[in-house]
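Chain by chain, the residues run as shown.
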Amino acid sequence: MTAKSGQTRTRLRPEERRAQLINIGLRLLTTRPIHEMSVDEVAAEAGISRGLLFHYFPTKRDYYIAVVRAGGDRLLLHANAPEEGTPAQRVRGIADGFVSFVQRRKDNYVAVVRAAAGGDERVLEVFEDNRRILADRVLEAAGVHAPTPLHRLAVRGWLAMAEEMAIGATDQVVTTTELIDLLVSGLEQVMEQFAAKHD
């Protein structure tokens, strides 16, 4: 029986139970910092014992890392460049996926970023891995095949700007389409300036 509803506990396959627990964590993360999330609350909502939760995640920290990683993985699924097209079209694909994802899941996204800002070393590693993957995608889409440290720094700054604008934008200030146009144009100008300096 579950602690909350009195209904019979549902038996799930291990991968289904793990996904269920992570999804509960992602939802709870929007209401509190990750280190204030109670695994007892997660287990009760899933209708399982605390001990069974630790069968899937050896420690509370492992569970937190899995929740943050899942949030990042969902973003990466959406922020992809089309296989064909001009550099601007391919960058637009990433920007569109990134901005649309952040705006649709704003509370969850901010919560994941806030978790990374909390300073836990392993959470920061997950966050940094996601940023590195995104930066590599943008550089490849933009046609920069031998990026310098300055290229990487510029793209990291561009991603930070895209994130902040996606979180704060409203249609009264700028529409999603206008925001994506602005982001693509801005990155294009930066890359053209870098290319001119190295000619």
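Residues numbered from 1 in each chain as written. Predicted model: local features only at pLDDT ≥ 70, side-chain atom pairs only at ≥ 80, totals over all residues. Heavy atoms only, no water.

By the naming in an unreviewed UniProt entry, the chain is TetR/AcrR family transcriptional regulator, taken from Streptomyces salinarius.

**A look at helix 5 (residues 87-104)**
With 18 residues, helix 5 extends 26 Å from end C-alpha to end C-alpha; this agrees with the ideal 26 Å at 1.5 Å per step. Among all positions in helix 5, only Arg90, Val91, Gly93, Ile94, Ala95, Gly97, Phe98, Val99, Ser100, Phe101 and Val102 are buried. (Helix = DSSP H or I, 4+ residues; strand = E, 2+ residues; numbered from the N terminus. Expected span 1.5 Å × (residues − 1). Buried < 20%, exposed > 50% of the residue type's maximum accessible area, 1.4 Å probe, protein only.)

**Some words on the UniProt feature "DNA-binding region" (unreviewed entry) in the chain**
The UniProt record marks residues 38-57 with the feature "DNA-binding region" (unreviewed entry), using the residue numbering of this structure. The span residues 38-57 is 75% helix and 0% strand, and its two end C-alpha atoms sit 14 Å from each other. (UniProt positions renumbered as here; feature names shortened; annotations may be inferred.)

**With respect to the pattern of salt bridges**
Counted by the stated rule, this structure contains 12 salt bridges. Salt-bridge contacts for Arg122 lead to Asp62; the nearest nitrogen and oxygen are separated by 3.2 Å. With Arg122 in helix 7 (residues 121-141) and Asp62 in helix 4 (residues 60-78), this residue pair connects regions lying 60 residues apart in the sequence. One salt bridge connects Glu128 with Arg156, and the closest N-O pair in it is separated by 3.2 Å. On the criterion of sequence distance, the pair formed by Glu128 in helix 7 and Arg156 in helix 8 (residues 149-168) is long-range, its members being 28 residues apart. What you see here is one network of salt bridges that share partners, running through Asp129, Arg132, Asp136 and Arg152. (Salt bridge = Lys/Arg side-chain N within 4 Å of Asp/Glu carboxyl O.)

**Description of the UniProt feature "domain: HTH tetR-type" (unreviewed entry) in the chain**
The UniProt entry lists residues 15-75 under the feature "domain: HTH tetR-type" (unreviewed entry), expressed in the numbering used here. Its end C-alpha atoms 20 Å apart, residues 15-75 is made of 74% helix and 0% strand.

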